[in-house]
Amino acid sequence: MTDRRSSRGAGRTEEIMRATLEVGEELGYARLSIEAVAARAGAGKHTIYRRWSSKGALFLDSLLSLNEPGLDYPDTGDVIADLRHQIHTAVDLLSRPPMGPLYVALLVEAQHDPQVADALDERFIAPQAEKTIARLERAREQGQLAPDFDLDLAMAILSGPLYFQHLIARRPLTHDWVDRLIDTLFAGMGPR
């Protein structure tokens, strides 16, 4: 009996998250409401609030439930090629719906809701940063980076321009732009 209930509950959770993404994509995050999600999912508001404390928490879970291509690094032995591959994958993901506009909306929400910001960092941003730092660490151990290079700073140098280009300058992220960024950065990060 418990398995049947948990299976129904998981199915219900998936329906609600799918409805959240649909409503978010149609109306935008600002007009997304628990009421609209409940109506689309055929669920009661109380059912939603039992699972999520806020619209932001529901939106975060829903967005992270998209089983988009993983942002894991290959390890070909060439850190520049591996970073290029991984960042191209991220750029492709952010340049198209539903992930691109929904992720931007989530970042905006994170600026106003500390719980969403903390959860986004814990569940997405920090794990991605750890993967990048681990790949850079392996490259440093293989002599592809200067032995004294600060890996946390390297992570910030790699990710900061992407967020600036996408969110602040509001210019397209292209493979060519990423390639120029990586080439410029590695001119200064390589072994001396």
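Criteria and thresholds
- Starting from 1, residues in each chain are numbered consecutively following that chain's sequence as written.
- Predicted model: local features are reported for residues with pLDDT of at least 70 only, side-chain atom pairs are reported and counted for 80 or more only, and whole-chain, interface and lining totals are derived from all residues.
- The basis for the side-chain values is all heavy atoms of the structure; hydrogens and waters are excluded.
- Where helices and strands are cited, they refer to DSSP runs of H or I of at least four residues and of E of at least two residues respectively, numbered from the N terminus.
- By the criterion applied in these results, polar contacts are pairs of N or O atoms within 3.5 Å in which, for protein atoms, one can donate a hydrogen and the other can accept it, and in which residues neighboring in sequence qualify only through two side-chain atoms.
- We call two residues in contact whenever any of their non-hydrogen atoms come within 4.5 Å of each other.
- How sure the predictor is of each residue is captured by pLDDT, a score from 0 to 100.
- Multiplying 1.5 Å by the helix residue count minus one yields the expected span of that helix.
- The classification of residues rests on relative accessible area computed with a 1.4 Å probe and restricted to protein chains. Under 20% of the type maximum is buried, over 50% is exposed, and intermediate values are partly exposed.
- We call Phe, Tyr and Trp rings a pair once their centres come within 6.5 Å, taking the six-membered ring for Trp, and we label the pair stacked below 30 degrees between planes, edge-to-face above 60, and tilted otherwise.
- Lysine and arginine charges are scored as sitting over a ring when NZ or CZ, respectively, is within 6 Å of the ring centre and within 35 degrees of the ring normal.
- Note on geometry: axes are C-alpha line fits, over the in-contact stretch for helices, and angles between N-to-C directions span 0 to 180 degrees.
- Roughly parallel refers to an angle under 35 degrees, roughly antiparallel to one over 145, roughly perpendicular to one between 65 and 115, and oblique to any angle outside these ranges.
- Crossing chirality is assigned from the near helix's rotation relative to the far helix, an anticlockwise turn below a right angle marking it left-handed and a clockwise turn marking it right-handed.
- Three classes are used, and their members are as follows: Ala, Val, Leu, Ile, Met, Phe, Trp, Tyr, Cys and Pro are nonpolar, Asp, Glu, Lys and Arg are charged, and the others, Gly among them, are polar.

**Notes on the side chain of Asp 82**
At step 1: Along the chain, Asp 82 falls in helix α5 (residues 79-94).
At step 2: One polar contact links Asp 82 to Thr 76, side chain to side chain, over a distance of 2.7 Å.
At step 3: Excluding residues within four positions of it along the chain, Asp 82 makes contact with Tyr 73, Pro 74, Asp 75, Thr 76, Gly 77 and Arg 135.

**Focus on the confidence of the model for the protein chain**
At step 1: Chain-level statistics for the protein chain give a pLDDT mean of 87 and a share of 91% at 70 or above.
At step 2: Within the protein chain, no element has a lower average pLDDT than helix α1 (residues 2-27), which sits at 82, and none a higher one than helix α2 (residues 34-41), at 96.

**A few points about unusual backbone geometry**
At step 1: Of note in the backbone geometry, Arg 170 takes a positive phi value of approximately 55° without being a glycine.
At step 2: Mapped onto the elements, Arg 170 comes out in the loop between α8 (151-168) and α9 (175-189).

**Remarks on α8**
At step 1: When the terminal C-alpha atoms of α8 are compared, their 25 Å separation across 18 residues agrees well with the 26 Å that a helix rising 1.5 Å per residue should span.
At step 2: Of the positions making up α8, those classed as buried are Leu 151, Ala 154, Met 155, Leu 158, Ser 159, Leu 162 and Gln 165.
At step 3: The opening residue of α8, the one whose side-chain oxygen lies 3.0 Å from the backbone nitrogen of Asp 152, is Asp 150.
At step 4: Backbone geometry just downstream of α8 places Arg 170 in the positive-phi region, at approximately 55°.

**Quick look at the packing of aromatic side chains**
At step 1: Applying the stated criterion across every chain yields a total of two aromatic pairs.
At step 2: Centre to centre, the rings of Tyr 103 and Phe 124 are 5.6 Å apart; their planes meet at 65°, and the pair counts as edge-to-face. On the criterion of sequence distance, the pair formed by Tyr 103 in helix α6 (residues 99-112) and Phe 124 in helix α7 (residues 114-141) is long-range, its members being 21 residues apart.
At step 3: We note Lys 55 situated over the ring of Tyr 29; from NZ or CZ to the ring centre the distance is 4.2 Å.

**Observations concerning the packing of α5 against α7**
Axis angle and axis distance: for two packed helices, these are the angle between their axes and the distance between the axes, and together they describe the pair.
At step 1: Remark: α5 packs on α7, axes separated minimally by 10 Å, with the N-to-C direction vectors making an angle of 165°. Our classification of the angle between α5 and α7 gives roughly antiparallel. Crossing handedness for the pair α5 and α7: right-handed. Seen from α5, the contacting residues are Val 79, Asp 82, Leu 83 and Gln 86; seen from α7, they are Gln 128, Thr 132, Arg 135, Leu 136 and Ala 139.
At step 2: A breakdown of the residues in the contact of α5 with α7 according to their chemical character gives four nonpolar, three polar and two charged.

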